[in-house]
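Take a look at the letters that make up each chain.
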Amino acid sequence: MIYAIAGNKGAGGTNLAQRLSKLFPGHTFTRLVYEDNGEEKPEEFLACDGVLIAVSLLEGPMPGTKAAVSDCRRAGKDIIGFALTHLDDFDNQKKVPAHFKELVEIDARELASVYGFTDDNIPACRLALVPGCDDELSAFFKRAEKYGTEIGG
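Residues numbered from 1 in each chain as written. Predicted model: local features only at pLDDT ≥ 70, side-chain atom pairs only at ≥ 80, totals over all residues. Heavy atoms only, no water.

K.L.:
Please explain the packing of aromatic side chains as it appears in this structure.
P.N.:
Two measures describe an aromatic ring pair: the distance that separates the ring centres and the angle between the ring planes. Under the criterion given, the structure shown has four aromatic pairs. Seen from their ring centres, Y3 and F29 are 5.9 Å apart, and the 25° between their planes marks the pair as stacked. One end of the pair, Y3, is in strand β1 (residues 2–8); the other, F29, is in strand β2 (residues 28–34), with 26 residues separating them in the sequence. Seen from their ring centres, F24 and F141 are 4.8 Å apart, and the 55° between their planes marks the pair as tilted. Residue F24 is found in the loop between α1 (13–23) and β2, and its partner F141 is found in helix α5 (residues 134–150); the two are separated by 117 residues along the sequence. Across the pair, F141 and F24 agree in class, each one buried. One aromatic cluster in this structure is built from Y3, F24, F29 and F141. Geometry around F117 places R73 over its ring, the cationic atom sitting 3.9 Å from the centre. (Phe/Tyr/Trp six-rings, centres within 6.5 Å; stacked < 30°, edge-to-face > 60°. Helix = DSSP H or I, 4+ residues; strand = E, 2+ residues; numbered from the N terminus. Buried < 20%, exposed > 50% of the residue type's maximum accessible area, 1.4 Å probe, protein only. Lys NZ or Arg CZ within 6 Å of the ring centre and 35° of its normal.)

Here it is, written out as structure tokens:
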């Protein structure tokens, strides 16, 4: 199976793809990095079986996140999960209100719904991509992969 990890530059997608590749060696994880320049590349999704959208908890959905979701829809691919990254960095930043984590997830889901991804059951997980967190990451990906199978992705 081939999965795209798509999102804005700096959203933690590269680290996510590397960690998932080690946890699931029979799968391929392709990182699709979007800058804030509105670049479109829906053809990059065509070989993928499903898409994980990476969103930094420190920044929330950025213009590159919007471009990734839009391209996913144009390519006819399903979002199988939202990986809300940088949880470890978020928890270390005392100046960020705690409820911001929930707002980032709500914003990511609202952005996806604009492009027709309206299922509230799309798995989402707040992740720290650091050693010792592989069990949580593995459980999240298994939920996302199962969701993708259930919706026909």
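K.L.:
Looking at this structure, I do not really get the sheet that holds β1. What am I missing?
P.N.:
Read across the open sheet, the five strands follow the order β2-β1-β3-β4-β5; overall the sheet is parallel. Looking at the sheet topology across the chains shown, the edges are occupied by β2 and β5 (124–126). Averaged over neighbouring strand pairs, the angle between their axes works out to 20° when direction is ignored. Each of β3 (50–56), β4 (79–85) and β5 is contacted by helix α4 (residues 100–114), which is oriented at about 150° to β4, the strand it contacts most. With respect to the sheet, α5 is in contact with β1, β2, β3, β4 and β5, its orientation differing from that of β4 by roughly 155°. (Pairing = 2+ DSSP bridges. Axes fitted to C-alpha atoms, helices over the stretch in contact; angles between N-to-C directions. Contact = heavy atoms within 4.5 Å.)

Honestly, it's all geometry; don't read function into it.
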